[in-house]
Structure formats: C-alpha cells, structure tokens
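Next come the chains, spelled out residue by residue.
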Amino acid sequence: KYFGEYLKTDLTSGYINEVNIYDYRLKDLHSNNRSETYTLKSSFRLPSFGRFRFTINLGDELQKAACLDYDKTQLRNMLSASAISDININDRLMLQAQLRDIIVSGEKSVPEFTLGASFKTDRQGQDILKANISRNVKYPSLNDLFWSPGGNPGLKREVSIGGEIAFSHSGERSNLIYSDFSAALFDAQVTDLIQWAQGTNSYWEARNLKSVNAGGAEISATTFYNPGITRLKLLTSYALTRSVITSSDVANDASIGSQLIYTPWHVINAVFTGEYGMFRLQSSLLFNSRRYTLSDNSEFLRGYLVNDLSAGIFMKSKNTKINIDISVDNLLNAVYESTTGYPMPLRTFMIDLLLTFNPK
C-alpha cells in the first residue's frame, strides 16, 4: 500500500493451489482434483477535487482446474476494470456512480454500472435515504460449465437490471438504550439466470432460465442496552422474496409465474446476545417458509424453525486468553431437509476451547 499526499494506491497479488485427493476402493475410484488461481489487483484513488472523489480499480485472475469430473484441464482468464466516483452536492446529498467491465476468455464484454444517491433527511445524519439503479453480470463458474455430469458448456452469462430504495436510522449512541433500523425495497429483471436443477436424468443440470423477476423487501432492527458491565443486543430481520419465472423458451411451460425452486418467500431471523463481565449468552432463531422443489411449484419442502443456543466464558491473564463455549444447535430438534433427500442434523452439542498465548 502507498498513501501519498496526492495519490493512494495498493497492489495485491496472490496464488491459490487447492488439491483434493479422493479414494473409493470399493469402486476402484481414484480422483486427483486440482485447481489454481493467480490473482493481481490494484486500485488508484486520485486526489480529491473539492467534494469530488475518483477511484480506478484494475484486476486480473487466471483460473486453472483439472479433476475427475472434467473432460480435460480447463483454463479461463478474467480481466476486470472499474471506475468509481462520488460527489457531495452539499452536506446532505451525495451522488455515486460506478462503471465496471469484465473481459472473460472467449466472451464478449457486457459492462456493469451503478448509479445511486444518498440523502440525509436530518443534519446529524441519523436518518438516511438511499436509492440506486444498476446492471450486474454474473459469469458461470468452471463447475457450471464443465462438471460432468450436469455441466453445460453452452451456458450464457446472467444479466440483471434492477433498483433499490432504502431507509436507515441510527440511534443515539449516548443513550442507555437505542436502536438502529433499516428497510429496503428492491426489484430486478434477470435474463438467463443460472440455476442447477434436477433434469430428466437422475442428476442435477446447469441451465439458463430465460427471464426471472426478483423483487421484495428487507427489514432489520438492532436494539442495544448497555447498563454498566451488562451488554444486551437483539437483532431481528425479515425478508420477503418474490422470484418468479416470467418467460421461457419451452412452449406451454408450467413454471411461468412460479417461484424459483429452493427460494423461500419468507425468512425471519432473530439473534439475542447478552454479556455480563466475562460471561456470554447467545440465542438465535431462523425461520424459512416452504421451498418448492419442482419448477411448477407442485412439490415443496415444508417450512422449518431452527433455534441455536450457546453460552461461554472469557478469561484473561497477563499473557493468556481463554474462551470456553458450549453450544446446542437445533435445540428444538427440528426435522428438515436442505434439499430433497438430504436431512439436516438433529440436536447437536459442541464444546469449543480457544487458548491464545501472547508473550508480549
């Protein structure tokens, strides 16, 4: 990293090598799976001109993968460049813009963009109204393209155009009890959405869905109560997601107007955390409504409620820290499946011990 008077820049370079050796002697199967990723990224933040700021990002990633389920070693290069700018019109209104492009081997580029604005409805900035419109591009992964069986070398990239409007409120930190709140509405039209689904064979297949409309609302609130050495926090959130197929290349497709498979309409989260001196207690609830398993919504997995509970103690001496946590996952012993035929664990107990030594 370099931070000068007129220029701020950083350079990141990385290499990742993953090896997975799998032996299944009953089937005389030996699998040697390898992947490599070379990454080079940089950013340049140019001098601010009054209320105007401008940043340029450049990056390149070379992907190489070979495994039992690929016909041959696959190579792909992804070169990206983006420009980000924002300008403070005044003390309460800020405009933002971003332009990004990814050039992928053998693909025609489709630029991404985001245009947004944020407005402080009060001079202290506790209440902020935000809005943006964007076009995003998602390229299929190497597994989407080449995994055998089910990969689809003919997959198209996924393109979405949509917008969001959001409001956030920050509570007064000096109060004994205060709350942060946020709410957002979003909607996007997705073309050629990439999805893995069970095909006519017994295995899952990657495919493009011609047109999908994804919209909904998200609400979250966090309440803090800090009387002395006691610290309490309650986080709650709710998401309503409507993701339906709006058009198809298949004649008389029964999935048009239906919710995407494994996408719940309703998701509710609640997490309570309490700390008193060296003691900590946390309880969380997660509710997922039914998830459809067929594209015409004729079959589904029922909704479920999962409760996790954990308690711990934190002790510290001059050079040592000790964390002891006891947790119970799925306290209510809910019976549910992640996907059809894959049940999730019932009530599970765990003990964690973490020792940290610092001679300094």
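Residues numbered from 1 in each chain as written. Predicted model: local features only at pLDDT ≥ 70, side-chain atom pairs only at ≥ 80, totals over all residues. Heavy atoms only, no water.

Enquirer: Which residues make up the overall build of the protein, and what values do they have?
Expert: Within the protein, the secondary structure is distributed over one helix and 21 strands. Seen through its C-alpha atoms, the protein measures out along the principal axes to roughly 60 × 55 × 50 Å. Expressed as a percentage of the 360 residues in the protein, the buried residues total 28%. For the protein, the share of sequence-separated contacts (at least 6 apart) that also reach a separation of at least 24 residues comes to 51%. Counting every atom, the protein has about 22,600 Å² of accessible surface; 58% of that belongs to carbon and sulfur. Considering the protein, the positive charge centre built from 37 side chains and the negative charge centre built from 36 side chains are found 6 Å apart. (Helix = DSSP H or I, 4+ residues; strand = E, 2+ residues; numbered from the N terminus. Buried < 20%, exposed > 50% of the residue type's maximum accessible area, 1.4 Å probe, protein only. Contact = heavy atoms within 4.5 Å. Areas by Shrake-Rupley, 256 points an atom, 1.4 Å probe, with all protein chains shown as cover. Lys, Arg positive; Asp, Glu negative; His and termini not counted. Charge placed at Lys NZ, Arg CZ, Asp CG, Glu CD.)

Enquirer: Quick one: what's the story with the side chain of Ser85, residue by residue and with numbers?
Expert: Inspection of the secondary structure assignment puts Ser85 in strand β5 (residues 74-88). Among residues more than four places away in sequence, those in contact with Ser85 are Phe52, Arg53, Phe54, Leu95, Gln96 and Ala97.

Enquirer: Lay out a nonpolar patch on the surface with the relevant residues and their values.
Expert: A contiguous nonpolar patch, built from Ile229, Tyr276, Met278, Phe279, Phe314, Met315, Ile324, Leu353, Leu355 and Phe357 and spanning about 980 Å² of accessible area, is present on the exposed surface. Going through the elements one at a time, β17 (304-316) and β21 (348-357) are the ones with two or more residues in the nonpolar patch. (Patch = residues over 30% accessible without salt bridge, like charges linked within 9 Å, V, L, I, M, F, W, Y side chains within 5 Å. Salt bridge = Lys/Arg side-chain N within 4 Å of Asp/Glu carboxyl O.)

Enquirer: Hey, could you go over the environment of Asn213 for me, with residue numbers and the actual values?
Expert: As for its position among the elements, Asn213 is in strand β11 (residues 204-225). On the basis of relative accessibility, which here comes to 12%, the residue Asn213 falls in the buried class. For Asn213, the side chain forms a polar contact with the main-chain oxygen of Ala188, separated by 3.3 Å. At 3.1 Å, the side chain of Asn213 forms a polar contact with the side chain of Arg242. (Polar contact = N/O pair within 3.5 Å; in protein donor to acceptor, adjacent residues only side chain to side chain.)

Enquirer: Give me the pattern of salt bridges: which residues, what numbers.
Expert: Applying the stated criterion to the full structure yields eight salt bridges. Across the salt bridge formed by Arg157 and Glu107, the nearest N and O atoms sit 3.3 Å from each other. With Arg157 in the loop between α1 (142-146) and β9 (158-169) and Glu107 in the loop between β6 (93-104) and β7 (112-120), the pair connects residues that are 50 residues apart, well separated along the chain. By relative accessible area, Arg157 is classed as buried at 17%. Between Asp180 and Arg173 there is a salt bridge whose closest N-O contact spans 2.8 Å.

Enquirer: Quick one: what's the story with the nonpolar core, residue by residue and with numbers?
Expert: In terms of nonpolar packing, the biggest core is built from seven residues, these being Met78, Ile102, Val104, Val110, Val137, Tyr139 and Val159. The next biggest cluster of nonpolar side chains, apart from the first, holds six residues, and it includes Leu193, Val212, Ile245 and Leu260. (Core = buried A, V, L, I, M, F, W, Y, C linked by side-chain atoms within 4.5 Å.)

Enquirer: Provide a residue-level description of the environment of Asn90, including the pertinent values.
Expert: Structurally, the position occupied by Asn90 is in the loop between β5 and β6. Once the C-alpha coordinates of Asn90 and Ser298 are considered, the two residues, 208 residues apart in sequence, prove to be 54 Å apart. For Asn90, the side chain forms a polar contact with the main-chain nitrogen of Arg92, separated by 2.8 Å.

Enquirer: Report on the packing of aromatic side chains, specifying residues and quantitative values.
Expert: Following the criterion strictly, the structure yields eight aromatic pairs and no others. Plain terms: the ring middles of Tyr178 and Phe224 are 4.9 Å apart, the flat faces sit at 20° to each other, and that makes the pair stacked. With a gap of 46 residues between them, Tyr178 in strand β10 (residues 177-198) and Phe224 in strand β11 connect regions that are remote in the sequence. Comparing Tyr178 with Phe224, the two get one shared label, buried. One residue, Arg290, lies across the ring of Phe300, its end atom 3.8 Å from the ring centre. (Phe/Tyr/Trp six-rings, centres within 6.5 Å; stacked < 30°, edge-to-face > 60°. Lys NZ or Arg CZ within 6 Å of the ring centre and 35° of its normal.)

Enquirer: Explain empty space enclosed by the protein to me, and be specific about the residues and the numbers.
Expert: For the structure shown, the criterion picks out one cavity of 30 Å³ or more. Taken together, Gln195, Arg207, Leu209, Ile245, Gln259, Leu260, Ile261 and Ser295 make up the lining of the largest cavity. Within the lining of the largest cavity, the residues separate by chemical class into four nonpolar, three polar and one charged. (1 Å grid on protein atoms, 1.4 Å probe; cavity = no way out; pocket = protein on both sides within 12 Å on 5 of 7 lines; lining within 4 Å. Points joined across faces, edges and corners; volume = space filled by probe spheres on them. Nonpolar A, V, L, I, M, F, W, Y, C, P; charged D, E, K, R; others polar.)

Interpretation in functional terms is not warranted from these geometric data alone.
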